[in-house]
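# Structural overview
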Amino acid sequence: MTKVDWILHNATVVTMDEGYRVLRDGGVAVEGDTIAAVGPAKEILATYTAHELIDCRGSALIPGLVNAHTHAPMTLLRGMADDLRLEVWLLGYMMPVEREFVSPDFCRLGTLLACAEMIRSGITCFADMYYFEDAVAQATAEAGMRAVCSQTVLKFPTPDAASYEDSLASAREFITRWKGHPLIVPSVAPHAPYTCTPEILQACASLAVEFDVPLHTHIAETREEVDEWREKYDMPVVPWVKKQGLLEAKVLAAHCVHLDDGEIHTLQHAGAGVAHNPSSNLKLASGFAPVVDMLEAGLSVGIGTDGPASNNDLDMFEEMRLATFIAKGVSGDPTALPARLTLAMATRLGAQALHLGHLTGSIEPGKRADLVLVGLRGIHNLPQFNRDPQSVYSRLVYAGKASDVTDVMVNGRWLLREGSLQTIDVEPLIQAAAEYAARIDAFLIQREGSILTKLVAIEGAEREESYEVQIKVRIEDSEAIVARLASGAVEVIRRAHYQEYDTYFLFDDPAQGRLRYREDEFVSDGGEVFNVRYRLTLTGPAREYQHPVPLSRSRFIAPATHSLRFYREYFKPARENEIDKDRRRWLVRFRGKEFFVNLDRMTKPALEQSFLEIKSRTWSRGDAEEKSALILELLKVLGAENSEVIPDEYPDLAEGSRAAG
Ligand SMILES: [Zn+2]
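In this report, we go over the structure that sits alongside the text. (Residues numbered from 1 in each chain as written. Predicted model: local features only at pLDDT ≥ 70, side-chain atom pairs only at ≥ 80, totals over all residues. Heavy atoms only, no water.)

In the contact formed by helix 12 (residues 316–331) and helix 15 (residues 391–399), the axes pass within 7 Å of each other and the chain directions differ by 100°. As far as their axial angle goes, helix 15 and helix 12 are roughly perpendicular. For the pair formed by helix 12 and helix 15, the contact residues are F317, M320, R321, T324, F325 and K328 on the first element and L396, V397, Y398 and A399 on the second. Looking at the contact of helix 12 with helix 15, its residues break down into seven nonpolar, one polar and two charged. (Axes fitted to C-alpha atoms, helices over the stretch in contact; angles between N-to-C directions. Helix = DSSP H or I, 4+ residues; strand = E, 2+ residues; numbered from the N terminus. Parallel < 35°, antiparallel > 145°, perpendicular 65-115°, else oblique. Contact = heavy atoms within 4.5 Å. Nonpolar A, V, L, I, M, F, W, Y, C, P; charged D, E, K, R; others polar.)

The next point concerns helix 16 (residues 426–448). Its 23 residues place the ends of helix 16 32 Å apart at the C-alpha level, agreeing with the 33 Å of an ideal helix rising 1.5 Å per residue. Within helix 16, the full set of buried residues consists of L429, A433, Y436, I440, F443, L444 and R447. (Expected span 1.5 Å × (residues − 1). Buried < 20%, exposed > 50% of the residue type's maximum accessible area, 1.4 Å probe, protein only.)

Take the pairing of strand 12 (residues 273–276) next. Residues G273 and A275 point to one face of strand 12 and V274 and H276 to the other, with burial holding for every one of them. Examined bridge by bridge, strand 11 (residues 250–255) and strand 12 share three bridges and lie parallel to one another. Within strand 12, the residue paired with L252 across the bridge is G273. Considered for its hand, the β-α-β crossover made up of strand 11, helix 9 (residues 261–269) and strand 12 is right-handed. Across four bridges, strand 12 lies against strand 13 (residues 300–303) in parallel orientation. (Pairing = 2+ DSSP bridges. Right-handed = clockwise from strand over helix to strand, strands pointing away.)

Residues L282, F288 and V330 make up a contiguous nonpolar surface patch of roughly 280 Å² in combined accessible area. Relative to the elements of secondary structure, F288 occurs in the loop between helix 10 (278–283) and helix 11 (291–296). (Patch = residues over 30% accessible without salt bridge, like charges linked within 9 Å, V, L, I, M, F, W, Y side chains within 5 Å. Areas by Shrake-Rupley, 256 points an atom, 1.4 Å probe, with all protein chains shown as cover. Salt bridge = Lys/Arg side-chain N within 4 Å of Asp/Glu carboxyl O.)

Let us now look at the pattern of salt bridges. With the rule as written, the count across this model stands at 42 salt bridges. In this structure, the salt-bridge partner of E117 is R78, at a minimum N-O distance of 3.0 Å. Placement of the pair is E117 in helix 3 (residues 104–120) and R78 in the loop between strand 6 (65–70) and helix 2 (86–101), with a sequence separation of 39 residues. Look at E117 and you get partly exposed, because its relative accessible area is 22%.

Our focus in this paragraph is helix 3. With 17 residues, helix 3 should cover 24 Å at 1.5 Å per step; its first-to-last C-alpha distance of 24 Å lies within 8% of that length. The buried count for helix 3 comes to twelve of 17 residues, which makes it a mostly enclosed element. Along helix 3, the residues that are buried comprise F106, C107, L109, G110, T111, L112, L113, A114, C115, A116, M118 and I119. Backbone geometry just after helix 3 places G122 at a positive phi near 85°.

Bringing the coordination of the zinc ion into the picture now. Protein-derived ligands of the zinc ion are H69 (NE2), H71 (NE2), H218 (NE2) and D306 (OD), with the metal-ligand distances lying across 2.1 to 2.5 Å. Geometry at the zinc ion is irregular, judged from its four donor atoms and the angles of 85 to 170° they form at the metal. Taken in sequence order, the residues that donate to the zinc ion follow the motif H-x1-H-x146-H-x87-D. Of this pair, H69 sits in strand 6 while H218 sits in strand 10 (residues 214–219), and the two are 149 residues apart along the sequence. (Donors = N, O, S within 2.8 Å, 3.2 Å for Na, K, Ca; no water. Tetrahedral: all angles 85-135°; square planar, octahedral: opposite > 155°, others 65-115°.)

All right, on to the packing of helix 2 against helix 19 (residues 564–571) then. Closest axis-to-axis distance for the helix 2/helix 19 pair is 10 Å, and the angle between their directions is 55°. Viewed along their axes, helix 2 and helix 19 adopt a mutual orientation that is oblique. For helix 2 against helix 19, the interelement crossing comes out right-handed. Listed contacts from helix 19 to E87, V88, L91, G92 and Y93 of helix 2 are F566, E569 and Y570. Residues that form the contact of helix 2 with helix 19 fall into these classes: five nonpolar, one polar and two charged. (Left-handed = near helix turned anticlockwise from the far one by under 90°.)

The structure is reproduced here in structure tokens:
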């Protein structure tokens, strides 16, 4: 008789090995961190004695579930912002809050909470991608879980690195420190093709190759990403990342929602693993990954929860069920992705996708003892049919729940025994998470309270503040003004011609000012559009000086790097107005000061008259007073001194015209 540490017997052992062996009264012997033997309970008990014998009657013993893609510390951001498009969710909420709050302490706490939740749902191994990955790895190792921990690299500053060179250097350090750890496999994560540069992808690939560690990334998550690549590079995403050398590494590619057949074969050829994230893809309406095609092509496709802020939980039972139901629903074929193959994705194939197939993912002698007991006697899982032993797969996948998990062992160590966590004390963690939530709430309440702080949060340092004085009058004969400008009455420095398409966001509180999204088409003398510019301008409420008309307003100007739709969803204006106009603009010098003279013909709403606008930037009150006086004089020089003054800016005109009819 050979002595081992543990014998688990009388379980329905679902090995998930290549032959899909199921042992109804099975036994598993565990010695140290390794599975020593698997077989009928009788045989195991005849060959081995154990320090402790565990009777698993009424339960299935399955290999630990592999969560193939997550961002564990984001448990602390769960439920912070939902029902948004990926771009608005990520750039408008997640990243600004992460810049402010993510620290080693945040990552440690978030990871411990994630581990507690994952252990309870039968997950023994996960692939993480986040910042301060050292803290993530440390917390994971303390919790006793197995993980591929990937240090994120991005082309812009991150919470843990001022530049991508810094984050590459810290990824190298991180990998060096953790390489060879019994539970943690360090890895590098160039976040996604659209958040990296070719240079970053190349550097990350060679780092992963140099240390022979996995490379974790997001690929083809949205239709927009793929369309952008086809337009920009005339090829889809996978051949493009291949060109950057990415596929030289052991790649774990999350999402892969929008791949064509060629790309699937390219990934398969490269030995890449794929993480399918059904909840996240559904919640963010990213589309339906071609899971069945990928599996048929021989790709290792695992199942992931994605981060808890985009799911919003870490429940692999739910993910399994969604994965199979989506595959059936989308294909119109109820035989697509059967329960057995789904469980394989959540175990053996997931482990292979993480490039850990030699260690975990199935119950086989020689593999690490990553084992989970799932109770099969819950009222939601009765009765039991014994005609077909394979029916255990449908019981686990279609009726099983995370709450059925009673015991979890990783690397020969119990992390959950009879429903109680062995390595994590959750009470103090819950308290600390509540404190973070209160601080994040306060931060967002302050930010959301002002359009300016919201603008600054997404546009960063690219903004520019200025003040200006201006007057606007209604005129009947714009050509008379053009003639005066041409007569030499004022010195013209330069002139330009544009078509301007403005969308004004108006808010209930006028003190917030108004936000204008402007598309400028520059028109040549020949009438051709030769350049387009997108700008965002936040204009504060007007302040009048003693002069009767001119105003001074603060203005924040930033290049508009996102779509109009992004800003609409992010700023949530109370009302919107659209103003389109044909603008001829002169920069003139008058009494030693520079002014812009604009002649506008409104095309939307279409108006009979034209408008003359004279404005100048100003930096001090004295300068504003002087320029205000000069503007009134300039109005005379242009022969428009008796024109009707428009008291405010264009949005009111549009509103007036809309109200009128
Ligand atoms: Zn992700």
